[in-house]
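The lines below spell out each chain.
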Amino acid sequence: MPHLRFLASASIALGLASAAHAQMEIPAGSEGSLGGGSQDLGCEAVTIAGSYALDGGTLQNAGAFLIETGGVLDAQGSIQLGSDFRNQGSLNAAASTMVFDGSCAAPGASLTVSGVTTVANLTFSSSSGQSFVLPNGANIVVTGNLVLQGQPGQPLQLALRMQHDPHWHSFW
């Protein structure tokens, strides 16, 4: 019987440990840095309320990504985003590469990209018919390469809503 109690306690402890590691969070008032390295987030959500720098590094498989008001992301490096992206803070990505590929979302799901962002190289890529939605107010400036990449029979769809036009405009 003591053996069963140990197994039950260990199972509960493991369950709590895995639930506690559900996202990458940089709280307000704190700073963090990737230090030029590489990190696979395994589709974890990312919330930046403080300050975070890639320092030439790479974030891979980022889930829902939020830069909160007052949050700062120095994204000099590359980010692979597999889910929604909301920039309500400050993003310095003028010398970066951002890839939106929907890898953390259900096949064919619609992903939202919002906020004001300037990025050197931007890719929207889908192998499962993803839709990428840029709602009214989204302002994305690409200073280098813009790549739209789908697959035969699974087209990528980019949906835009213009400021003075209530209709959605879709491109695929």
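Everything below is about the structure printed above this text.
To keep things clear, this report deals only with the structure shown in the data block.

Cut-offs applied
Residues numbered from 1 in each chain as written. Predicted model: local features only at pLDDT ≥ 70, side-chain atom pairs only at ≥ 80, totals over all residues. Heavy atoms only, no water. Helix = DSSP H or I, 4+ residues; strand = E, 2+ residues; numbered from the N terminus. Buried < 20%, exposed > 50% of the residue type's maximum accessible area, 1.4 Å probe, protein only. Areas by Shrake-Rupley, 256 points an atom, 1.4 Å probe, with all protein chains shown as cover. Core = buried A, V, L, I, M, F, W, Y, C linked by side-chain atoms within 4.5 Å. Contact = heavy atoms within 4.5 Å. Phe/Tyr/Trp six-rings, centres within 6.5 Å; stacked < 30°, edge-to-face > 60°. Pairing = 2+ DSSP bridges. Polar contact = N/O pair within 3.5 Å; in protein donor to acceptor, adjacent residues only side chain to side chain.

### Here's the deal with the overall build of the chain
Within the chain, the secondary structure is distributed over one helix and 17 strands. The buried share of the chain, taken over its 172 residues, is 34%. Looking at the chain as shown, the accessible area adds up to about 9,000 Å², and 56% of this sits on carbon and sulfur atoms.

### Here's the deal with the nonpolar core
Generally speaking, soluble globular proteins have nonpolar side chains that are buried together. Counting residues in hydrophobic clusters, the biggest one holds 30 residues, and the most contacted among them are Phe65, Leu73, Phe85, Met98, Phe100 and Phe124. When residues of this core are traced back to their parent elements, those giving at least two are strand 1 (23-26), strand 4 (45-48), strand 6 (58-62), strand 7 (65-67), strand 9 (78-81), strand 11 (90-100), strand 12 (110-125) and strand 13 (131-134). With five residues, strand 12 is the largest single contributor of residues to this core. Aside from chain neighbours lying at most four places away, what touches Met98 is Ile79, Leu81, Phe85, Leu91, Ala93, Thr117, Val119, Asn121, Leu122 and Thr123.

### Quick word on unusual backbone geometry
Although it is not a glycine, Asp55 sits at a positive phi angle of roughly 55°. Structurally, Asp55 is set in the loop between strand 5 (51-53) and strand 6. Take Asp55: its relative accessible area is 45%, and that puts it in the partly exposed class. Non-glycine residue Asn61 carries a positive phi angle of around 55°. Here Asn61 is to be found in strand 6.

### Quick look at the packing of aromatic side chains
Here a ring pair, both rings aromatic, is described through the centre-centre distance and the interplanar angle of the planes. In total, this model carries four aromatic pairs according to the counting rule given. Ring plane angle 75° and centroid distance 5.8 Å describe the contact between Phe85 and Phe100, whose orientation is recorded as edge-to-face. Note that Phe85 is positioned in strand 10 (residues 85-87) and Phe100 in strand 11, a separation of 15 residues in sequence. Judged on exposure class, the residue Phe85 and its partner Phe100 are both buried. Put simply, the rings of Phe65, Phe85, Phe100, Phe124 and Phe132 pair up and form one aromatic cluster.

### Examining the pairing of strand 13
Alternating residues of strand 13 divide into Ser131 and Val133 and Phe132 and Leu134, and every residue in both groups is buried. Pairing of strand 12 with strand 13, which is carried by three bridges, proceeds in the parallel orientation. Note that in strand 13 the partner of Thr112 across the bridge is Val133.

### Structural notes on the side chain of Gln80
Residue placement: Gln80 occurs in strand 9. Its relative accessible area of 18% is what places Gln80 among the buried residues. From its side chain, Gln80 meets the backbone nitrogen of Asn61 in a polar contact 3.0 Å long. Among the polar contacts made by the side chain of Gln80, one reaches the side chain of Asp101 at a distance of 2.6 Å. What Gln80 contacts, discounting residues up to four positions off in sequence, is Leu59, Gln60, Asn61, Ala62, Val99, Asp101 and Ser103.

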